[in-house]
Amino acid sequence: MSEPEGTHERRADGIPPEALPDGVTEREIEVLEAMQVPTQRIIGIGLVLWLVALAVTLLVPALHEGERSWWPWACVAGFVLGLIGLAYVRRGRGNAHDAG
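Residues numbered from 1 in each chain as written. Predicted model: local features only at pLDDT ≥ 70, side-chain atom pairs only at ≥ 80, totals over all residues. Heavy atoms only, no water.

A look at the overall build of the chain
Phase 1 of the analysis: Assigned secondary structure in the chain consists of two helices and zero strands.
Phase 2 of the analysis: A burial count over the chain gives 14% of its 100 residues as buried.
Phase 3 of the analysis: Once local pairs closer than 6 in sequence are excluded, the contacts in the chain between residues at least 24 apart make up 38%.
Phase 4 of the analysis: For the chain, the computed accessible surface area is about 8,600 Å², with 61% contributed by carbon and sulfur atoms. (Helix = DSSP H or I, 4+ residues; strand = E, 2+ residues; numbered from the N terminus. Buried < 20%, exposed > 50% of the residue type's maximum accessible area, 1.4 Å probe, protein only. Contact = heavy atoms within 4.5 Å. Areas by Shrake-Rupley, 256 points an atom, 1.4 Å probe, with all protein chains shown as cover.)

Below, the structure written as structure tokens:
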């Protein structure tokens, strides 16, 4: 079952040539590159939105009384998890740029 060296070729995207669909040549396949996204800016916007949501839920009594008493805590949890995510990305672990 082992193949001799040199006969097991892979394309740049990791797809073996024999796995291409019938009738599709290798020239017709486009290799997609990862999009560059400002991750820290997106997380920062999310943090600001969680703070705004927290302020609104605390300022409007109908949004934090009775059955909705958990709403401010949902905003706090979203903010804290966003901070954890921001720390994760700033350390470089959430950055796909260096992934191999």
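So, a nonpolar patch on the surface
Phase 1 of the analysis: A cluster of nonpolar residues, Val48, Val52, Val56, Leu59 and Val60, forms a patch on the protein surface that exposes about 440 Å² of accessible area.
Phase 2 of the analysis: Residue placement: Val48 occurs in helix 1 (residues 39–59). (Patch = residues over 30% accessible without salt bridge, like charges linked within 9 Å, V, L, I, M, F, W, Y side chains within 5 Å. Salt bridge = Lys/Arg side-chain N within 4 Å of Asp/Glu carboxyl O.)

Some remarks on the packing of helix 1 against helix 2 (residues 71–90)
Phase 1 of the analysis: One can describe the packing of helix 1 onto helix 2 by two numbers: an axis separation of 9 Å at closest approach and a directional angle of 165 degrees. The angle between helix 1 and helix 2 falls in the class roughly antiparallel. Where helix 1 crosses over helix 2, the handedness of that crossing is left-handed.
Phase 2 of the analysis: Residues of the contact of helix 1 with helix 2, tallied by class, amount to 16 nonpolar, six polar and one charged. (Axes fitted to C-alpha atoms, helices over the stretch in contact; angles between N-to-C directions. Parallel < 35°, antiparallel > 145°, perpendicular 65-115°, else oblique. Left-handed = near helix turned anticlockwise from the far one by under 90°. Nonpolar A, V, L, I, M, F, W, Y, C, P; charged D, E, K, R; others polar.)

Some words on the side chain of Thr57
Phase 1 of the analysis: Secondary-structure assignment places Thr57 in helix 1.
Phase 2 of the analysis: With a relative accessible area of 7%, Thr57 lands in the buried category.
Phase 3 of the analysis: Apart from residues lying up to four places away in sequence, Thr57 is in contact with Leu63, His64, Trp71, Pro72 and Cys75.

What to know about helix 1
Phase 1 of the analysis: Over its 21 residues, helix 1 extends 30 Å from the first C-alpha to the last, a length consistent with the 30 Å expected when each residue adds 1.5 Å.
Phase 2 of the analysis: Buried within helix 1 we find Ile43, Leu47, Leu54 and Thr57. Burial along helix 1 is one-sided: seen end-on, the buried residues are contained in an arc of 90 degrees. Looking at helix 1, the residues exposed on the side facing more than 90 degrees away from the buried face are Arg41, Val48, Leu49 and Leu59. (Expected span 1.5 Å × (residues − 1). Arc of directions from axis to C-beta.)

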